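Chain by chain, the residues run as shown.
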Amino acid sequence: MIILPGRSSGLPTEQRTSTFTGTVWADPVLPTTDGVTINTVTFTPGARTYWHHHEKGQILHVLAGSGLICTEGKRPRTLRPGDVVWVPPLERHWHGAGPDSFMIHLAVSLGVTNWHDEVAESDYTATTDE
Ligand code: MN
């Protein structure tokens, strides 16, 4: 049997609070290395990030559940397992679970993440644009 390590050793799973709504856990895959941070992030139903942008962009890979992602000025889009999203540098957005499902994604964040304001309930529950 061979087990390939899938997360960083010695680093705890962290509950994210100040820049997230609802219950969110982040499990470190790679501590920040040369500006690249990789986490497996679990959002409970209704939980989501605050509005934010990434200095050099972000890649998301949805692993399980059903989620939402939204760019400012657009309607939310549905995320399903296997979906991959490229968020360009400095694009203001949020992402999280759907209202009735958890969502787990791998997040590869490039450069510094800049956090803004909380996502309003009316923005979160806006009709999705598939
Ligand atoms: Mn993001």
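Keep in mind the model is a prediction, meaning the values are calculated, not measured.

About the thresholds
- Residues numbered from 1 in each chain as written.
- Predicted model: local features only at pLDDT ≥ 70, side-chain atom pairs only at ≥ 80, totals over all residues.
- Heavy atoms only, no water.
- Helix = DSSP H or I, 4+ residues; strand = E, 2+ residues; numbered from the N terminus.
- Buried < 20%, exposed > 50% of the residue type's maximum accessible area, 1.4 Å probe, protein only.
- Contact = heavy atoms within 4.5 Å.
- Areas by Shrake-Rupley, 256 points an atom, 1.4 Å probe, with all protein chains shown as cover.
- Pairing = 2+ DSSP bridges.
- Donors = N, O, S within 2.8 Å, 3.2 Å for Na, K, Ca; no water.

**Re the overall build of the chain**
Stage number 1. When helices and strands are tallied, the chain shows one helix and 13 strands.
Stage number 2. For the chain, the residues scored as buried account for 39% of the 130 residues in total.
Stage number 3. A separation of at least 24 residues holds for 68% of the contacts in the chain among residues at least 6 apart in sequence.
Stage number 4. Total accessible area computed for the chain in this model is approximately 7100 Å², and 57% of it derives from carbon and sulfur atoms.

**Side note on the pairing of strand S8 (residues 67–71)**
Stage number 1. Judged by how many residues are buried, S8 sits mostly within the fold: four of five residues are covered.
Stage number 2. Relative to strand S9 (residues 77–79), S8 runs antiparallel, the two being bridged by three bridges. Note on S9: the bridge partner recorded for leucine 68 is threonine 78.
Stage number 3. Joining the antiparallel neighbours S8 and S9 is a turn of five residues, in which glycine 73 adopts a positive phi near 90°.
Stage number 4. Two elements, S8 and strand S11 (residues 93–97), share five bridges in a ladder whose sense is antiparallel. The residue bridging isoleucine 69 from the neighbouring strand is histidine 95, located in S11.

**Things to note about the coordination of the manganese ion**
Stage number 1. The manganese ion binds to the protein through His52 (NE2), His54 (NE2), Gln58 (OE1), His93 (NE2) and His95 (NE2), with metal-donor distances spanning 2.1 to 2.2 Å.
Stage number 2. Along the chain, the residues donating to the manganese ion are arranged with the sequence spacing H-x1-H-x3-Q-x34-H-x1-H.
Stage number 3. Classification of histidine 52 as buried rests on a relative accessible area of 1%.

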